[in-house]
Amino acid sequence: MTVVPFERGRLEEALLKGLPDLLAEVRDRLVEHWPDYAAFLDTDRDSVLGPAELFVHRLLDMSIANLNSPEETTFERGDETVRRVFEEIGRRQLQEGNDLTRLLTAFQLGARVAWRHVAATALRLDFAPVHLAALADSVFVFVNQLSFSAANGYLQEQIDDAMARERRREELANLLLSGRASTEAIRSAAQQAAWRIPDTAAVVIYSDGDQLPAGALIPRLEPGALPIRRNGLVVGAIVPEPAGPGRRLQLARELAGMAAVVGNSVAVAQLPRSLEIARIAVRLRRTGVLSDDPVFADEHLDALIVWRDEALVAALRDEMLAPLEGETAAARERLAETLASWLRHFGDRQAIANELSIHPQTVRYRMARLKALYGERLDDPESRARLFLALEWPGP
């Protein structure tokens, strides 16, 4: 079939000449529901004319292609400039806080206005019906493609913005844990990361070493948590206001089954201390001294103090339990158990008997043996305190 020649030159010239009127009508139609877009068309007319002219040129390209191959009215490599222009429009919408749906709806409105202008111009120039059909198809296909490009730009900006925000949050976490940042530096980094500086915070870290479900922790925590990343893995977080109303119960739910440790609540400037205490708690959880899930370090400060240095604990036990070395293993166990109960109950024989489920006379016998082994040390308050620590914290 012979196709009537598409008189591009006259139509292109007429459409370009009519662009100001087209944009003016689009602006007037936008005023009621999209006043910001209408204002943009007024104040940024020069930046709008460029994409509008691209629209006209590419519209005619597509119409001619559509006449020859109706099934192939799509973006081609030559449309890369157009695609980039409208992707940038989509990016700017997110940057300016505009909703994507509003933009796409405005595009559809613009498409209807554009088609009326294109159709009126083509009819005035006596274009053939087949050419009008090709133009109509091209207008709406092209606008859909432009809408897709703008939406893609909007989405990419969201992804880039989220990645940048995550990097800033990680950098802020590192800064807070460095212990070397000034108040002004922290305030500036927090502002860039869109993080409200709390009165108090705590460090949460895993206790399972290399068996870390990377990235699994942060999604469980409330949005204010800052990720702590090491070697590409999220190994912990900084959580705000851990001692606030209901926060402990909330954290316990969020961290259940994560083998996590929550450091003590401190002022933001003291977060390195919370990290240090959390690390001690992690070590004690790995060795079995602590078994909660999660572990709240401030509930086990006595254990953390005692077990901060295992060598010192071992030395204390060796010293304080040395008098029992001459006994058999079974006798040592019975005597140590009785001595610990005696210290806990301040020598109350009946309470000791009840706790150990033995006869008070047995308590008397064992204490006589212990006094023979320890002598005056059982009457010395300092020695009793050291014995209590040695017996209460027997090690993993």
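As annotated in an unreviewed UniProt entry, the protein chain carries the name PucR family transcriptional regulator and is attributed to Kribbella hippodromi.

Caption draft 1: Up close: the overall build of the protein chain. Assigned secondary structure in the protein chain consists of 16 helices and six strands. Relative to its length of 396 residues, the protein chain is extended, with a C-alpha radius of gyration of 38 Å against a globular reference of 21 Å. Referenced to the eigenvectors of the C-alpha coordinate spread, the extents of the protein chain come out at roughly 120 × 45 × 30 Å. Counting only contacts in the protein chain whose residues sit at least 6 apart along the sequence, the fraction spanning at least 24 positions is 70%. Where the 47 positive side-chain charges of the protein chain centre and where its 58 negative ones centre are 5 Å apart.

Caption draft 2: Structural context of the pattern of salt bridges. The full count for this structure, using the stated rule, is 13 salt bridges. For D161, the salt bridge identified is with R165, shortest N-O distance 2.9 Å. In this pair, D161 and R165 are both assigned in helix α7 (residues 129-178), four residues apart and thus about one turn of the helix distant. Between E355 and R344 there is a salt bridge, and its shortest N-O distance comes to 2.7 Å. You can see E355 sitting in helix α14 (residues 349-356) and its partner R344 sitting in helix α13 (residues 329-344), a full 11 residues away along the chain. The partly exposed category is assigned to E355, whose relative accessible area is 36%. Judged by relative accessible area, R344 falls into the partly exposed class, the value being 33%. Among the ionic contacts, a cluster of salt bridges with common partners joins R91, E157 and D160.

Caption draft 3: Examining a nonpolar patch on the surface more closely. A contiguous nonpolar surface patch, about 260 Å² in accessible area, is contributed by L155, I159 and M163. Mapped onto the secondary structure, I159 falls in helix α7. Here I159 falls in the partly exposed class, since its relative accessible area comes to 37%.

Caption draft 4: Quick peek at the nonpolar core. If you look at the biggest cluster of nonpolar residues, it comprises 41 residues, and the most contacted ones within it are L11, L30, F55, L103 and F107. At the level of elements, α1 (8-17), α2 (19-30), α3 (35-43), α4 (45-68), α5 (80-95), α6 (100-124) and α7 are the ones that each hand at least two residues to this core. The biggest single contributor to this core is α6, with 10 residues. Ranked by size, the runner-up nonpolar core spans 34 residues in total, among them L176, A278, L290 and A303.

Caption draft 5: Region of the structure containing the pairing of strand β1 (residues 200-206). Counting buried positions over the seven residues of β1 gives six, a clear majority of the element. With two bridges joining them, β1 and strand β5 (residues 266-267) adopt antiparallel strand pairing. In the strand pairing of β5, A201 is matched with V266. Inspection of the sheet shows β1 paired to strand β4 (residues 260-262) by three bridges, in the antiparallel sense. Pairing of V204 across the sheet is with V262, part of β4.

Caption draft 6: Expanded view of α3. Within α3, the full set of buried residues consists of Y37, A38 and L41. In a view along the axis of α3, the buried residues occupy a sector of 105°, so they form one face of it.

Caption draft 7: Structural detail: the side chain of R285. Looking at where R285 falls in the secondary structure, it is placed in helix α10 (residues 271-286). Buried R285, no salt bridge; nearest opposite-charge side chain is D293, N-O distance 4.0 Å. A polar side-chain atom of R285 sits 3.0 Å from the main-chain carbonyl oxygen of D292. Beyond its immediate sequence surroundings of up to four residues, R285 is in contact with S207, A259, V261, L290, S291, D292, D293 and V295.

Caption draft 8: Geometry of the UniProt feature "domain: PucR C-terminal helix-turn-helix" (unreviewed entry) in the protein chain. Under the UniProt annotation, "domain: PucR C-terminal helix-turn-helix" (unreviewed entry) lies at residues 335-392. As annotated, residues 335-392 comprises 78% helix and 0% strand, and the C-alpha atoms at either end are separated by 14 Å.

Caption draft 9: Here's a closer look at unusual backbone geometry. Here the residue pair D293 and P294 is connected by a cis peptide bond, since its omega of 0° sits within 30 degrees of zero. Position of P294 among the secondary structure elements: in the loop between α10 and β6 (295-296). Of note in the backbone geometry, A194 takes a positive phi value of approximately 55° without being a glycine. Position of A194 among the secondary structure elements: in the loop between α8 (183-192) and β1. The exposed category is assigned to A194, whose relative accessible area is 64%.

Caption draft 10: Representation of a negative patch on the surface within the structure. Taken together, the side chains of E376, D379, D380 and E382 define an acidic patch exposed on the protein surface. Within the element layout of this structure, D379 appears in the loop between α15 (360-374) and α16 (381-392).

Caption draft 11: Molecular detail of α2. In this model, α2 (12 residues) spans 16 Å end to end at C-alpha, consistent with the 16 Å of a helix rising 1.5 Å per residue. For α2, the set of buried residues is L19, L22, L23, A24, V26, R27 and L30.

The rules we used
- Throughout this document, residue positions are counted from 1 along each chain, in the order its sequence is written.
- Local features in this predicted model are restricted to residues whose pLDDT is 70 or higher, and side-chain atom pairs enter the listing and the counts only when it is 80 or higher, whereas totals over whole chains, interfaces and linings include all residues.
- With hydrogens and water stripped out, all remaining heavy atoms of the structure feed into the side-chain values.
- Counting from the N terminus, the helices are the DSSP runs of H or I reaching at least four residues and the strands are the DSSP runs of E reaching at least two.
- Put simply, the radius of gyration uses C-alpha atoms, and a globule should come to 2.2 Å times the residue count raised to 0.38.
- For this analysis, residues touch if any pair of their heavy atoms sits within 4.5 Å.
- Think of it this way: Lys and Arg go in the positive column, Asp and Glu in the negative one, and His and the chain ends go nowhere.
- Charged side chains are reduced to one point each, which is NZ for Lys, CZ for Arg, CG for Asp and CD for Glu.
- A carboxyl oxygen of Asp or Glu within 4 Å of a side-chain nitrogen of Lys or Arg is what we treat as a salt bridge.
- Only protein chains enter the accessibility calculation, which uses a 1.4 Å probe. A residue is then buried if its area is under 20% of the maximum for its type, exposed if over 50%, and partly exposed in between.
- Only residues whose relative accessible area exceeds 30% and that take part in no salt bridge are eligible for patches, with like-charged residues grouped when within 9 Å of each other and nonpolar side chains (Val, Leu, Ile, Met, Phe, Trp, Tyr) grouped when within 5 Å.
- All accessible areas in this document rest on Shrake-Rupley with a 1.4 Å probe, and a residue is counted as covered only by the protein chains that are shown.
- Note on terminology: a nonpolar core comprises buried Ala, Val, Leu, Ile, Met, Phe, Trp, Tyr and Cys residues joined through side-chain atoms within 4.5 Å.
- Two strands are said to pair when DSSP picks up at least two bridges between them.
- Within this analysis, the arc is defined by the directions that extend from the helix axis to the C-beta atoms.
- Definition of a polar contact: a pair of N or O atoms within 3.5 Å, with one able to donate and the other able to accept a hydrogen when the atoms are protein atoms, and with sequence-neighbouring residues admitted only if both atoms are side-chain atoms.
- UniProt positions are given in the numbering used here, feature names are shortened, and annotations may be inferred rather than shown by experiment.
- In this scheme, a helix's expected span is set at 1.5 Å multiplied by one less than its residue total.

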